[in-house]
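Commentary on secondary and tertiary structure
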Amino acid sequence: MIRSLKNATGLFVSLCCIAGALCALPTAAAAASDTLSPAEVVEIDRDLNGTVIEFEGEAIGEALHADATHKWVNVLGDGMAVGVYVASDSADLVGTFGDHRHDGDIVRVSGTINVACDEHAGEFDVHAERFEIISQGEVRETPIQPWKAVVGLLGVAVFLVEWRFYGRLKERNLA
Amino acid sequence: MWIRLRLADLKVILHFVGLFVIGIGLAMLVPLVTAVVFGEWDAALDYFMGFGLALCIGMGMALGRTRGENVTHADALVITALGWLAASLIAAVPLALSGNYASYLDAVFDAISGLTTSGLTVVNDLDHMALAHNMWRHLTHLIGGQGIIVAALSLAVGLRGGAFSLYLAEGRDERILPNVLYTARFIWFVTAVYVLIGTVVLWGVNSLHLGMAPDRGLLHAFWISVAAYDTGGFGPQSMNAMYYHSYSFEIVGVFLMLAGTLNFNLHAQVWRGDRPELWRNIETRVLGINIMLLSALTAIGLAATRFLPEGFEILRKGAYHIVSANTGTGHQTVYPGQWTSDMGGIAIVAVMLAMAAGGAVSSTAGGIKALRLGVILKSIVHQVKQSIAPRSAVLKARYHHIEDKFLTPEAASAATTVFILYMATFITGGIIGAAYGYDPVQAMFESISATANVGLSTGITSSGMPVGLKIVYMVQMWGGRLEFIAVLTLIVQVLLSLGVRRKGSL
């Protein structure tokens, strides 16, 4: 009797665990999909204006001074960038900004989206409440292709020959 | 009577087009040096290859003419049309090698857009583009804004015999100084002064106010000054003017855009001390009224949509984009998609009208042009007056443009012809865009932006748009910059050489 009760309890706990795991799966997926890209932020449903959103992207260019306590960090993803108004301390955490030679730090921003920010002259921006570095930036490979130098040299060489030929033609015509 | 080009004409045309190609090759030394200074060796090779190819191809074309034959007016038109096309094709070479363009066609699109000071772009990953490539993109604005022929003239590169015909063929209506070479040099002098002022002020804004590193701050200041003064519209970052989040930046930009859209002849008058010319001139009056009315219309539109919360913000956003559109610049502080999602119908219509109207003749701006609009309006008023006046009355209409002028039927007819050509091109491009499945309003917006060499976009222009539409916009930018006549002359000459003309039919 006790054994069967134990078995039943064990079965119940197991079922609860499985059910819990099944319930947790879509929740985790939903949490992942809640993190947007900057391009999705720009095209966000306008009903979400003024709400807190979360998105990830690459910090590009440089941090620009906004006021005494805040900076602008422009965050890029899927070909579009969004201006993030962030406390200077947090902005200073960005070690690498994206440019020709670097992939910038990937940052996760949680903040209020403003389709037309009344604090910043109607700009589309996000006021960060949480700003964290997810991964460090790195140096981009910019391979040098010597064949371009060869073609360039050939072009210059042909030009010099043509120029000399042109000079002779002109001389002949003048004569 | 249609005059077919002879072989000798073709040699002359090829010679001059070759010279322009060589000129573009020499201009590539600037980004080449930029690449070397900043250690961008990959980009340096792109420009070295472009330089070599431009010199070799250009000299090959120039070989045809060695005798110094004069350039006829018809030759000048064909040289101009072909010269701009050839310059774009060769300017696209280093861009195509950059890895930021999906194809050579896309690179040509940006080269045409840069040279015609349009500012529409199909670049990918602009935020990771090399400084040298950004230098080249903005340099195309500088070369094209003043004009490839003006650039060649100011250096006096073998353009004797037909210099004035070439100057006129490039869409410039007026000679500022008695000598066309001095006129070309004056245009460059004015440009140098404004770009220098803009660069110094924006460098200060970038370095002191925004905290950019001095070297990046200087480069950005120069590029933005060139793009604003030459009414181009390119920016070094994908966010365009939004990247800087700065009111000071917008003010300097507006000053440069307005300076760039004024007639070089007017600049000369003001510099000679004739300041009243600024408000007596029909062009500045039309421009001023247009900008004020359309800014007010935009503000009404923005207020109606409640997109922006406060009056000052409405005015700032509205006026900035109307100035950007009316001057043909194309810098924007909204995302392309926001034109349709947030700005509302009235604001879009106002911006389209501003883009179509354009700046002054003999300026860096595109569009129908304020002088033509003024002349057409004067002509309409004159016709109405004449219709209600007694039959025996002789009425004369006058307007002031540098000097007092009588409105002649020829002037009204010329202005109306160009107006009709622009309108026809706007509508044709809009219909083609709509036929590709785009929203008709967006298609019309983009068509006007391309033809009037503005560069504002609702998002249609991108590397992913259909190839056919890219070609249509390229033709619109090219035709619009040269005000159609040169391009139409080239097309007619090509048709004639293909034997399209039947005896007596044309």
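Topic: the nonpolar core
Core analysis: the biggest nonpolar cluster contains 181 residues, and Val 41, Phe 55 and Val 73 of chain A together with Trp 136 and Met 355 of chain B have the highest contact counts within it. Take this core: its biggest share by element is 14 residues, from helix 4 (residues 73-97) of chain B. One finds Phe 159 of chain A together with Phe 51, Leu 55 and Leu 63 of chain B within the second-largest nonpolar core, a separate group that totals eight residues.

What about a nonpolar patch on the surface?
Nonpolar side chains collect at one region of the surface, where Ile 485, Leu 488, Ile 491, Val 494, Leu 495 and Leu 498 of chain B lie side by side and expose about 510 Å² of accessible area between them. On the secondary structure map, Leu 488 of chain B appears in helix 22 (residues 485-497).

Overview of the confidence of the model for chain B
The predicted coordinates should not be examined in detail at positions where pLDDT is low. Residue and element names in this part refer to chain B. Looking at chain B as a whole, its pLDDT mean stands at 90, while 94% of the residues score no less than 70. For the stretch residues 502-506, pLDDT sits under 50, and the model shows two contacts to residues farther than four places along the chain or on other chains. Reported confidence for the predicted complex is 0.88 by ipTM and 0.90 by pTM.

Some thoughts on the interface of chain A and chain B
Contacts between the two partners involve 53 residues from chain A and, on the opposite side, 50 residues from chain B. Both faces combined, the contact of chain A with chain B buries some 4,300 Å², and carbon together with sulfur accounts for 62% of it. When residues of chain A are sorted by the area they lose upon contact with chain B, His 100, Lys 148 and Tyr 166 of chain A head the list and together hold 14% of the total. Connecting chain A to chain B are four salt bridges. Notably, a salt bridge pairs Lys 148 of chain A with Asp 46 of chain B, separated by 2.6 Å at the nearest N-O pair. Put simply, chain A and chain B have 17 residue pairs in polar contact (both at pLDDT 80 or more) between them. Taken together, the elements giving at least two residues each to the side of chain A that touches chain B come down to strand 2 (52-65), strand 3 (70-77), strand 4 (80-87), strand 5 (102-103), strand 6 (106-117), strand 7 (123-135) and helix 4 (146-174) of chain A. Per element, the largest residue contribution to the side of chain A that touches chain B is 18 residues, and it comes from helix 4 of chain A. A per-class count over the side of chain A that touches chain B returns 28 nonpolar, 13 polar and twelve charged.

Calculation criteria
Residues numbered from 1 in each chain as written. Chains lettered and ligands numbered in written order. Predicted model: local features only at pLDDT ≥ 70, side-chain atom pairs only at ≥ 80, totals over all residues. Heavy atoms only, no water. Core = buried A, V, L, I, M, F, W, Y, C linked by side-chain atoms within 4.5 Å. Buried < 20%, exposed > 50% of the residue type's maximum accessible area, 1.4 Å probe, protein only. Helix = DSSP H or I, 4+ residues; strand = E, 2+ residues; numbered from the N terminus. Patch = residues over 30% accessible without salt bridge, like charges linked within 9 Å, V, L, I, M, F, W, Y side chains within 5 Å. Areas by Shrake-Rupley, 256 points an atom, 1.4 Å probe, with all protein chains shown as cover. Salt bridge = Lys/Arg side-chain N within 4 Å of Asp/Glu carboxyl O. pLDDT = per-residue confidence, 0-100. Contact = heavy atoms within 4.5 Å. Buried area = accessible area lost by both parts, 1.4 Å probe. Polar contact = N/O pair within 3.5 Å; in protein donor to acceptor, adjacent residues only side chain to side chain. Nonpolar A, V, L, I, M, F, W, Y, C, P; charged D, E, K, R; others polar.

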